[in-house]
Amino acid sequence: MKALILAGGFGTRLRPLSCTRPKLMFPVLNRELLDWTLERLSKSGVDRVILAVNHMADALERSFRYSRYGIEIVYSRESRPLGTGGPIKNAEGFLIEGGEPFFVLNGDVFSDVDYGKIVKFHEDRGAKATIALYEVEDPGRFGVVELSKEGRIMRFVEKPKPGEAPSRLVNAGVYVLDPSVLDIIPHGRKVSTERKVFPALAREGSLCGYRFDGLWIDIGLPEDYFLVNKMMLRSLAADEPLVGKNVKVHETAKVVAPSAVGDGSTVAEDAEVGPYAVVGRGVEVGKGSRIDGSIVFQGVIVESFASIRGAIVGEDSIVGRWAKIEEGCIVGDHALIGDNVTLTRNVEICPFREVRSSILEPGKVM
Ligand code: GTP
């Protein structure tokens, strides 16, 4: 079976980290989000993935090339952003081959939904489209449905205002579509599947909803990105830290579970990593430094006695001696945080910036 993955969004809500990488390449426990998705799809028998790319297409193609986990990967490029529906039409040539239903996935979703069960449900109901549905506390940020007992979607409301949501069941960003759905998507235009295609299918009674429980997070916001890493640490590193190859931890240093340390990293004397720290590949954690509740991307140098708590530090950045990065801070890739600098809560630093004096008010440093 085929799957189209929407991979061309700008990820504006994840800036400054998304200024230098597509959302699908954000690391989750030191593996790109898309790598997790491809692994799960391959286990469900998907053998061809069409990546619908636009923004930062080359970074994706350089990294993922043309096959992974036995799945053939092809790229469907857009000359301008086509939203969530236009890319499906744009890839029509790949999708209609064989005339079978295919998956469409929002690439920024991390989930353990059983793809095989959605297809079975779709076929049993004879639907034109089936959406995987997940129950959330606060549905206002999502597409919310009214579902009949038989699993038909009666109504689809995108981002309802407070009090107007028909339920707490939301569009999980995983669909099965019949090729006939391609006929109702206009060509060469920006189209929203959520605002145009799904409401039209719901009106004609051919849209179904498959409810699932388990793991599901859309990593649209930094707090969701934190959460997905935290959940995966709990699930895979609760008792023992997940330590990669060729990692050197000094005998006086501590790595406290749940935590992960990527290949080739070093943790110097008296340093402490964790709990809830994800340290990328090739990171140097200096003497006496502390990292907890944080995500530190690959290649970062943390000099001695620095502290990183509840923050994200982008790739190849340098955190100076005695620097202090507090909760909610996001440091973009290749930035330099000088010696003795404190970044108070919720400070964002753009990629490639050098910060030589403390920032004691929340805000952005462009
Ligand atoms: P924000 O700017 O933070 O809203 O993020 P986003 O641009 O990724 O938008 P959103 O989260 O709504 O996107 C849902 C999914 O659709 C993600 O997997 C995006 O990569 C993808 N997507 C959004 N717009 C486009 C587009 O114009 N083309 C393609 N190919 N994919 C898109």
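Residues numbered from 1 in each chain as written. Predicted model: local features only at pLDDT ≥ 70, side-chain atom pairs only at ≥ 80, totals over all residues. Heavy atoms only, no water.

### Regarding empty space enclosed by the protein
For the structure on display, the rule yields one cavity of 30 Å³ or more. Size it by volume and the largest cavity reaches roughly 70 Å³. Around the largest cavity sit Trp36, Thr37, Arg40, Leu105, Asn106, Val109, Phe110, Ser111, Tyr115 and Val174, which together line it. Of all the secondary structure elements, the ones that give two or more residues to the lining of the largest cavity are helix H1 (33-43), strand E7 (102-106) and strand E8 (109-111). In terms of residue class, the lining of the largest cavity is built from six nonpolar, three polar and one charged. (1 Å grid on protein atoms, 1.4 Å probe; cavity = no way out; pocket = protein on both sides within 12 Å on 5 of 7 lines; lining within 4 Å. Points joined across faces, edges and corners; volume = space filled by probe spheres on them. Helix = DSSP H or I, 4+ residues; strand = E, 2+ residues; numbered from the N terminus. Nonpolar A, V, L, I, M, F, W, Y, C, P; charged D, E, K, R; others polar.)

### Re the pattern of salt bridges
Enumeration over the complete set of coordinates arrives at 28 salt bridges. Between Lys120 and Asp124 there is a salt bridge; the shortest N-O distance is 2.8 Å. In this pair, Lys120 and Asp124 are both assigned in helix H5 (residues 115-125), four residues apart and thus about one turn of the helix distant. Between Arg141 and Asp224 there is a salt bridge; the shortest N-O distance is 3.0 Å. Remark: Asp224 occurs in helix H7 (residues 222-236) and Arg141 occurs in the loop between strand E9 (129-135) and strand E10 (143-147); sequence separation between them is 83 residues. A relative accessible area of 10% places Asp224 in the buried class. Residues joined in a network through salt bridges with shared partners are Arg31, Glu32, Asp35, Glu39, Lys43 and Arg68. (Salt bridge = Lys/Arg side-chain N within 4 Å of Asp/Glu carboxyl O. Buried < 20%, exposed > 50% of the residue type's maximum accessible area, 1.4 Å probe, protein only.)

### Some points on the side chain of Ser206
Along the polypeptide, Ser206 turns up in the loop between helix H6 (193-203) and strand E13 (207-211). Judged by relative accessible area, Ser206 falls into the buried class, the value being 9%. Residues within four places of Ser206 in sequence aside, it is in contact with Ala127, Lys128, Ala129, Arg152 and Leu201. (Contact = heavy atoms within 4.5 Å.)

### Considering the site of the ligand
Surveying the vicinity of the ligand reveals 19 residues, the closest of which are Leu6, Gly9, Thr12, Arg13 and Glu78. Gly11 places a main-chain nitrogen or oxygen 3.3 Å from an oxygen atom of the ligand. Backbone polar atom of Leu82 to an oxygen atom of the ligand: 3.1 Å apart, as the coordinates give it. With the chains in place, 83% of the 610 Å² that the ligand exposes on its own is no longer accessible. At a threshold of 2 Å from the grid points, most atoms of the ligand map onto the largest pocket. Its residues assigned to classes, the shell around the ligand shows seven nonpolar, eight polar and four charged. (Near = heavy atom within 4 Å. Polar contact = N/O pair within 3.5 Å; in protein donor to acceptor, adjacent residues only side chain to side chain. Areas by Shrake-Rupley, 256 points an atom, 1.4 Å probe, with all protein chains shown as cover. Sits in = over half its atoms within 2 Å of the grid points.)

### A short note on H1
Considered for burial, the residues of H1 that qualify are Leu33, Leu34, Asp35, Trp36, Thr37, Leu38 and Leu41. Where H1 ends, the next residue or the one after it, Gly45, has phi of about 85 degrees, a positive value.

### Some words on the sheet that holds strand E21 (residues 277-279)
Read from one edge of the open sheet, eight strands run E15-E18-E21-E24-E27-E30-E33-E35, paired in parallel fashion. One side of each edge strand has no neighbouring strand; the edge strands of this open sheet are strand E15 (242-243) and strand E35 (363-365). (Pairing = 2+ DSSP bridges.)

### Some points on the packing of aromatic side chains
By the definition in use, this model includes 13 aromatic pairs. Ring centres 5.2 Å apart and planes at 90 degrees place the aromatic pair Phe26 and Tyr225 in the edge-to-face group. One end of the pair, Phe26, is in the loop between strand E1 (2-6) and strand E2 (27-28); the other, Tyr225, is in helix H7, with 199 residues separating them in the sequence. Given a relative accessible area of 0%, Tyr225 falls into the buried group. On the numbers, 5.5 Å between centres and 70 degrees between planes, the contact of Trp36 with Phe110 is edge-to-face. With Trp36 in helix H1 and Phe110 in strand E8, the pair connects residues that are 74 residues apart, well separated along the chain. (Phe/Tyr/Trp six-rings, centres within 6.5 Å; stacked < 30°, edge-to-face > 60°.)

### Re the environment of Lys248
Looking at where Lys248 falls in the secondary structure, it is placed in strand E16 (residues 248-249). Residues in contact with Lys248, not counting those within four places in the same chain, are Ser265, Thr266 and Val267.

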